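The chain contents come next:
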Amino acid sequence: MNRRGVALIAVLWVVTALASLAGVTLALVRTGARTTRNRALLARAGWAREACAEILLARYTVERGLVPLDTTELGRGTWCLAGIADPTASVNVNFASSDALLHILRRSELVDAVLDWRDADDMPRPSGAEAEWYRERGRALPRNGPIVDLRELGLVRGFDDSVLARVSPKLTVEGDGRINPAIAPAEVIATLPGIDGMAAEALARLDAGARPRSIDGWLAMAPESSRRSMLGEYRALMSATTFAPGALIATAEGGVRGTPIVAVLRLTLVPVAERVAVIRREAM
């Protein structure tokens, strides 16, 4: 090969290298621009989330009610929403007995599946499922421990979107498993030991301010047939209930219209005098 040919090849290599370098540089610039944009969007979503959290806390301080904040437009395409819940108004899916779960879930196969998911062994119940069932279907394996988020139920055998929509408002993973009859709905109250549907409905029909603040006060107003059942389970009923305000769980979400970016904030609150104290804060 003559010198001219060698020089031509060298030039072609240089041009190719420069083109590759230019392509890499352009890709890096584009990646950097997207990263910068995403950071800006996430910051805006975070500001929106914080705004809704502050609105929610201020509203609770004034109204002392568990009133959610519906999706609110904050301007420049940002939005937020927030909610607040008292775990003692729901059934704790990690502590609930099979009877309590059956009352909420209504289907024994769902109860067996939940119990298999949360227990530590690998022995499936008659209508449940353990690791082998999930592995055969390429699904996430059971936790074999407490459920940490209600959305996790979507991984459990039998829990489709319709089931989750029906049962999630009555369940929680927060708290110590005790239920406050002064604020819980009838279906939740009916899961307590010794409580029949009549006693639960009679209590749930009362406004929150008119409900009794102790088991003895509840006994005094319960129908005669219900009273006998409650007395028979008096000790268990005392252990399963609380009439004191507990920790509240607040969640706030913020985002920017037209993007999938959502910032989430989870607060654990304790009512104190005329306000609430934030004892735990988790930003996600």
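Scroll up a little and you will see the structure.
The shown structure was predicted, so the numbers you read here are calculated from the model rather than taken from an experiment.

## Concerning the overall build of the protein chain
Then step 1. Looking only at helices and strands, the protein chain has 10 helices and seven strands in total.
Then step 2. Classification of the 284 residues of the protein chain by burial places 39% in the buried group.
Then step 3. Across the protein chain, every contact between residues at least 6 apart in sequence was considered, and the portion connecting residues at least 24 apart equals 56%.
Then step 4. In the structure as shown, the protein chain presents an accessible area of about 16100 Å², 58% of it carried by carbon and sulfur atoms.

## Let's talk about the side chain of N94
Then step 1. Residue placement: N94 occurs in the loop between β3 (91–92) and α2 (98–105).
Then step 2. Its relative accessible area of 17% is what places N94 among the buried residues.
Then step 3. Beyond its immediate chain neighbours, meaning those up to four positions away, N94 contacts R118, P146, I147 and V173.

## Digging into unusual backbone geometry
Glycine aside, the phi torsion of most residues is negative, and most peptide linkages are trans.
Then step 1. Positive phi is not limited to glycine here, since R106 has a value of about 75°.
Then step 2. Here the phi dihedral of N144 falls at roughly 55°; this positive angle occurs in a residue that is not glycine.
Then step 3. Inspection of the secondary structure assignment puts N144 in the loop between α4 (131–136) and α5 (161–167).

## Considerations on the environment of A244
Then step 1. Positionally, A244 belongs in the loop between α10 (234–240) and β5 (248–256).
Then step 2. Considering only alpha carbons, one finds A244 and S214, 30 residues apart in sequence, at a separation of 9.5 Å.

## Observations regarding the sheet that holds β5
Then step 1. Ordered by their spatial adjacency, five strands build an open sheet running β1-β2-β5-β6-β7, and the pairing between neighbours is antiparallel. Strands at the two margins of the open sheet, each flanked by one partner only, are β1 (69–75) and β7 (275–283). Strand-to-strand twist of the sheet, defined as the mean angle between neighbouring strand axes without regard to direction, takes the value 25°.

## A closer look at the environment of V91
Then step 1. Inspection of the secondary structure puts V91 in strand β3.
Then step 2. Note: C-alpha distance between V91 and I189 (98 residues apart in sequence) is 8.9 Å.

## Re the packing of aromatic side chains
Then step 1. Under the counting rule described, the total for this entry stands at two aromatic pairs.
Then step 2. Where W117 meets Y134, the ring centres are 5.3 Å apart and the plane angle is 75°; that geometry is what we call edge-to-face. Within this pair, whereas W117 is found in helix α3 (residues 108–118), its partner Y134 is found in helix α4, the two being separated by 17 residues in sequence.
Then step 3. Given the relative accessible area of 2%, W117 is considered buried.

## Observations concerning the nonpolar core
Then step 1. One finds L105, L153, F159 and I195 to be the most contacted residues of the largest nonpolar core, which totals 45 residues.
Then step 2. Of all the elements in the fold, those that place two or more residues in this core are α2, α3, α4, α5, α6 (186–189), α7 (197–204), α8 (215–221) and α10.
Then step 3. Tallying contributions element by element places α3 first for this core, with six residues.
Then step 4. With residues near it in sequence (within four places) discarded, F159 still touches L105, L110, V114, L153, G154, L164 and V167.

Scoring rules and cut-offs
Residues numbered from 1 in each chain as written. Predicted model: local features only at pLDDT ≥ 70, side-chain atom pairs only at ≥ 80, totals over all residues. Heavy atoms only, no water. Helix = DSSP H or I, 4+ residues; strand = E, 2+ residues; numbered from the N terminus. Buried < 20%, exposed > 50% of the residue type's maximum accessible area, 1.4 Å probe, protein only. Contact = heavy atoms within 4.5 Å. Areas by Shrake-Rupley, 256 points an atom, 1.4 Å probe, with all protein chains shown as cover. Pairing = 2+ DSSP bridges. Axes fitted to C-alpha atoms, helices over the stretch in contact; angles between N-to-C directions. Phe/Tyr/Trp six-rings, centres within 6.5 Å; stacked < 30°, edge-to-face > 60°. Core = buried A, V, L, I, M, F, W, Y, C linked by side-chain atoms within 4.5 Å.

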